[in-house]
Amino acid sequence: MDPHPVTEHKPLPIAVLASGRGSNLEALMHACNTGQLPLEFRLVASDHAEAAALRRAESAAIPTVALDPSGYRTRRDFDLDLFARVAASGAELVVLAGFMRILDAEAIAPWTGRMINVHPSLLPRYRGLHTHRRALEAGDHEHGASVHFVSAELDGGPVIAQAHIDVRADDTETTLAARLLPFEHRLLPAVVKLIAEERLGLHDAVVTLDTIPLEQPLRLVDQALQRA
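Notes on the structure follow.

Analysis parameters
Residues numbered from 1 in each chain as written. Predicted model: local features only at pLDDT ≥ 70, side-chain atom pairs only at ≥ 80, totals over all residues. Heavy atoms only, no water. Buried < 20%, exposed > 50% of the residue type's maximum accessible area, 1.4 Å probe, protein only. Helix = DSSP H or I, 4+ residues; strand = E, 2+ residues; numbered from the N terminus. Pairing = 2+ DSSP bridges. Phe/Tyr/Trp six-rings, centres within 6.5 Å; stacked < 30°, edge-to-face > 60°. Lys NZ or Arg CZ within 6 Å of the ring centre and 35° of its normal. Core = buried A, V, L, I, M, F, W, Y, C linked by side-chain atoms within 4.5 Å. Contact = heavy atoms within 4.5 Å.

1. Some words on the pairing of strand β11 (residues 218-221)
Now for step 1: Only one face of β11 is buried, namely the one carrying L218 and L220, since none of R219 and V221 on the opposite face is buried.
Now for step 2: In this sheet, β11 lies alongside strand β7 (residues 159-166) in parallel orientation, the contact comprising two bridges. By the bridge assignment, A161 is partnered in β11 with L218.
Now for step 3: Where β11 hands over to strand β12 (residues 224-226), the hairpin turn is made up of two residues, of which D222 adopts a positive phi near 60°.

2. Some thoughts on the packing of aromatic side chains
Now for step 1: Evaluated as defined, the whole model comprises one aromatic pair.
Now for step 2: With a centroid separation of 5.3 Å and 90° between ring planes, the pair formed by Y72 and F78 is classed as edge-to-face.
Now for step 3: Exposure remark for F78: the relative accessible area of 1% places this residue in the buried category.
Now for step 4: A cation over a ring is seen here: R101 above F78, with NZ or CZ 4.3 Å from the ring centre.

3. Section: the nonpolar core
Now for step 1: Counting 48 residues, the largest nonpolar core has F41 and I116 as the members making the most contacts within it.
Now for step 2: For this core, the leading source of residues is helix α6 (residues 173-196), giving ten residues.
Now for step 3: Setting aside residues up to four positions removed in sequence, I116 forms contacts with V94, V95, L96, V147, H148, F149, V150, I160, L188, V191, V192 and I195.
Now for step 4: Within the second largest apolar cluster, 20 residues are counted, among which are L17, A45, L103 and W111.

4. Looking at the sheet that holds strand β10 (residues 212-213)
Now for step 1: One open sheet holds the three strands; their spatial order is β8-β9-β10, and the pairing between them is antiparallel. Looking at which strands have only one partner, the edges of the open sheet turn out to be β8 (200-203) and β10.
Now for step 2: The pairing of β8 with strand β9 (residues 206-209) spans four bridges and is classified as antiparallel. Looking at the pairing, L200 lines up with L209 of β9.

Quick look at the structure:
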């Protein structure tokens, strides 16, 4: 018998922050539109008015906002305004999907345990940028993507789940990134699904699944997440 039978869940109100093309946003939208995820998109926000993520959201009639960081006196002022708008949207979960900014600790404090980020490396390896290049330069045989709860530390916060891929002898930065991206597109919706079903949480800086602490990040196997 399935210990977690399919039940109806009230749509989870979410806000997505993205700086670029929005392919992970598209993955979440697809999962929602095909009935895999009970979500309600309240806002898509960006620090770049030309971000393709905003166009994706607009085409789906999702409210959007673009804020120019140069119009604020400090990074903190920008973040406080951004997250005030997120809160006003009614979102209960914030998803960072390629949002390329370091966030102010005060601004994100109210969102502890309610904000996740997808990052293209097997954290804690390769925080920050150029993760594929760094994995190749290090001679890694394995690469991957991680979803973690967000903290004020760059790509910090407890890791929830990871997708692993092999690094091939002929991989370049471009081919490695291209092969990993479809796994990101499965990993992020799978994590959001557990949150929407109220199965996944953060308690005293420890990730729990069905109230049981995770000793290791969940691992993506095909379309599902499994305990390591």
